[in-house]
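Understanding the architecture of this molecule
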Amino acid sequence: MAKRAVINRDQKRRVTVKKFAAKRAALLAIVTDIKLSEEERYAARLKLQALPRNASPVRLRNRCALTGRPRGVFSKFGLGRSKLRDFAMRGEIPGVIKASW
């Protein structure tokens, strides 16, 4: 299981990303609009850079909902590979069965 502090940090980042999403989208729209003047676009770029670093969605990491494991996470289920296998073997995930041929 991942350290509790790392899991909490990721949750805090998710809150920050959601908080600044609208502002970030508006500034990105200004930056990419070629009809505006260079000065306006440059000012928007500076404002975008002034936002908190953790407001960027790139800094988020998919984690297992149960263990917090950062790698091997199936986004469809939100579980790490080991927990997904455990649930599938017990038949707790509808439609998922062990392959045999």
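Located above this text is the structure these notes cover.
1. Considerations on the overall build of the protein chain
Within the protein chain one finds 3 helices and 2 strands. Helices (α) and strands (β) of the protein chain occur, in sequence order from the N terminus, as α-α-β-β-α. Relative to a compact globule of 101 residues, whose C-alpha radius of gyration would be 13 Å, the protein chain shows 20 Å and is clearly more extended. Burial statistics for the protein chain: of 101 residues in total, 23% are counted as buried. Of the contacts formed within the protein chain by residues at least 6 apart in sequence, a portion of 41% connects residues at least 24 apart.

2. Remarks on the packing of aromatic side chains
The relative placement of two aromatic rings is captured by the distance of their centres and the angle of their planes. Going through the model one piece at a time under the given rule, you end up with 0 aromatic pairs. Above the plane of the ring of Phe87 lies Arg90, whose end atom (NZ or CZ) is 5.0 Å from the centre.

3. Thoughts on the pattern of salt bridges
All chains considered together, the criterion is met by 3 salt bridges. In this structure, Asp10 engages Arg14 in a salt bridge whose closest nitrogen and oxygen atoms are separated by 3.2 Å. In this pair, Asp10 and Arg14 both sit in helix H1 (residues 4-32), 4 residues apart, roughly one turn of the helix. Using a relative accessible area of 7% as the deciding quantity, one classes Asp10 as buried. For Arg41, the salt bridge identified is with Glu38, shortest N-O distance 3.4 Å. Here Arg41 and its partner Glu38 are both found in helix H2 (residues 38-50), 3 residues apart, which amounts to about one turn of the helix. A relative accessible area of 22% places Arg41 in the partly exposed class. For Glu38, a relative accessible area of 55% puts it in the exposed group.

4. Things to note about the environment of Leu51
Following the sequence through the fold, Leu51 ends up in the loop between H2 and strand E1 (73-74). In this structure Leu51 comes out as buried when scored by relative accessible area, which is 9%. When the C-alpha atoms of Leu51 and Ala88 are compared, they prove to be 42 Å apart, with 37 residues separating the residues in sequence.

5. What to know about the nonpolar core
Within the largest apolar cluster, 7 residues are counted, these being Phe20, Leu27, Val31, Ala44, Leu48, Leu51 and Ala55. Of all elements in the fold, only H1 and H2 reach the threshold of two or more residues within this core. By residue number, the principal contributor to this core is H1, which donates 3 residues. Excluding residues within four positions of it along the chain, Leu48 makes contact with Arg24, Leu27 and Leu28.

About the criteria used
Residues numbered from 1 in each chain as written. Predicted model: local features only at pLDDT ≥ 70, side-chain atom pairs only at ≥ 80, totals over all residues. Heavy atoms only, no water. Helix = DSSP H or I, 4+ residues; strand = E, 2+ residues; numbered from the N terminus. Rg over C-alpha atoms; globule rule 2.2 N^0.38 Å. Buried < 20%, exposed > 50% of the residue type's maximum accessible area, 1.4 Å probe, protein only. Contact = heavy atoms within 4.5 Å. Phe/Tyr/Trp six-rings, centres within 6.5 Å; stacked < 30°, edge-to-face > 60°. Lys NZ or Arg CZ within 6 Å of the ring centre and 35° of its normal. Salt bridge = Lys/Arg side-chain N within 4 Å of Asp/Glu carboxyl O. Core = buried A, V, L, I, M, F, W, Y, C linked by side-chain atoms within 4.5 Å.

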